[in-house]
Amino acid sequence: GQSLEQPSEVTAVEGAIVQINCTYQTSGFYGLSWYQQHDGGAPTFLSYNALDGLEETGRFSSFLSRSDSYGYLLLQELQMKDSASYFCAVRDRLDSTLTFGKGTMLLVSP
Amino acid sequence: DAGITQSPRHKVTETGTPVTLRCHQTENHRYMYWYRQDPGHGLRLIHYSYGVKDTDKGEVSDGYSVSRSKTEDFLLTLESATSSQTSVYFCAITRGGTSGTYSYNEQFFGPGTRLTVL
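Quick caveat: nothing in here was measured; it's all calculated off a predicted structure.

Draft legend 1. Broad picture of the interface of chain B and chain A. Every contact between the two is made by 22 residues of chain B and, on the other side, 20 residues of chain A. Counting the surface lost from both chain B and chain A, the interface buries some 1800 Å², and carbon and sulfur atoms represent 56% of this. At the junction of chain B with chain A, the criterion picks out two residue pairs in polar contact (both at pLDDT 80 or more). Only β4 (32–38), β5 (42–51), β9 (87–98) and β10 (103–109) of chain B provide two or more residues apiece to the side of chain B that touches chain A. Ranked by residue count, the leading element in the side of chain B that touches chain A is β10 of chain B, at five residues. Class assignment of the residues belonging to the side of chain B that touches chain A gives a composition of eleven nonpolar, ten polar and one charged.

Draft legend 2. Main features of the pattern of salt bridges. A complete count under the given rule lists seven salt bridges over all chains for this structure. The partner of Arg-66 of chain A in a salt bridge is Asp-52 of chain A, with the nearest N and O atoms 3.1 Å apart. Pair noted here: Arg-66 of chain A is in the loop between β7 (60–65) and β8 (70–75) and Asp-52 of chain A is in the loop between β5 (44–49) and β6 (53–57), with a separation of 14 residues, a long-range link. Between Glu-106 of chain B and Arg-95 of chain B there is a salt bridge; the shortest N-O distance is 3.8 Å. Linking Glu-106 of chain B in strand β10 with Arg-95 of chain B in strand β9, this pair joins segments that are eleven residues apart in sequence. One connected set of salt bridges, linked through shared partners, spans Arg-22, Lys-70 and Asp-73 of chain B.

Draft legend 3. Quick peek at the state of the cysteines. In the structure shown here, the tally under the stated rule is two disulfides over all chains. Between the sulfur atoms of Cys-22 of chain A and its disulfide mate Cys-88 of chain A the distance is 2.2 Å. Between Cys-22 of chain A and Cys-88 of chain A the sulfur-sulfur dihedral comes to about 75 degrees; the bridge is accordingly right-handed. Pair noted here: Cys-22 of chain A is in strand β3 (residues 18–25) and Cys-88 of chain A is in strand β9 (residues 84–91), with a separation of 66 residues, a long-range link. What makes Cys-22 of chain A buried here is its relative accessible area of 0%. On the basis of relative accessible area, Cys-88 of chain A is assigned to the buried category, the value being 0%. Note that Cys-23 of chain B is cross-linked by a disulfide to Cys-91 of chain B, the S-S spacing being 1.9 Å. Residues Cys-23 of chain B and Cys-91 of chain B are joined by a disulfide whose S-S torsion is about -70 degrees; by sign, that bridge is left-handed. Of this pair, Cys-23 of chain B sits in strand β3 (residues 19–25) while Cys-91 of chain B sits in strand β9, and the two are 68 residues apart along the sequence. For the pair shown, Cys-23 of chain B and Cys-91 of chain B are each scored as buried.

Each value, and the rule that gives it
Residues numbered from 1 in each chain as written. Chains lettered and ligands numbered in written order. Predicted model: local features only at pLDDT ≥ 70, side-chain atom pairs only at ≥ 80, totals over all residues. Heavy atoms only, no water. Contact = heavy atoms within 4.5 Å. Buried area = accessible area lost by both parts, 1.4 Å probe. Polar contact = N/O pair within 3.5 Å; in protein donor to acceptor, adjacent residues only side chain to side chain. Helix = DSSP H or I, 4+ residues; strand = E, 2+ residues; numbered from the N terminus. Nonpolar A, V, L, I, M, F, W, Y, C, P; charged D, E, K, R; others polar. Salt bridge = Lys/Arg side-chain N within 4 Å of Asp/Glu carboxyl O. Disulfide = S-S within 2.5 Å. Buried < 20%, exposed > 50% of the residue type's maximum accessible area, 1.4 Å probe, protein only.

Shown next as structure tokens:
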């Protein structure tokens, strides 16, 4: 079956850097995505990696190693508004369906 | 925005009653999805559609049916609601994007429906 593992909770302080890891075991692999969800809101897309390496989007970066079935989301210069849940998701089929991890709750303190 | 709305936004119902949730999109996207989200489980795919009258099951499809008679509407039906179906339900569409490296498809989510089955 498909499985994605990510930590359930991470805490950090404002201005710090935090890394959220995701390991996956899926029957196929076409890309790894990251989504952010604030409490009570809808998930929103952050980033996507299909090839090995680092993708940077402002304060957020995402990394993928297909040989290790591993990726991470790096958040820099943390702000209080970054407190949210973060989900990794694998596109494991040629259609556009995704399998999501259970999410990591990030708590940013002053 | 992809112009996705969900209705109702909140619903309380009783065990054994039928419930239909509606997802409406205004941008002619081909793919539409229904997820449920429960604490400790993340987002789990219930059903999805890849065109009018074309649907397929997801990971947790038991107890749910869907219909898509028009491109813009994707309906999720609980034929006989159970307490285990108390959840937040999200509809999503797929839309394309590009990074500096490659093109990709992102899923864009509606605001969600909070369903409580008593």
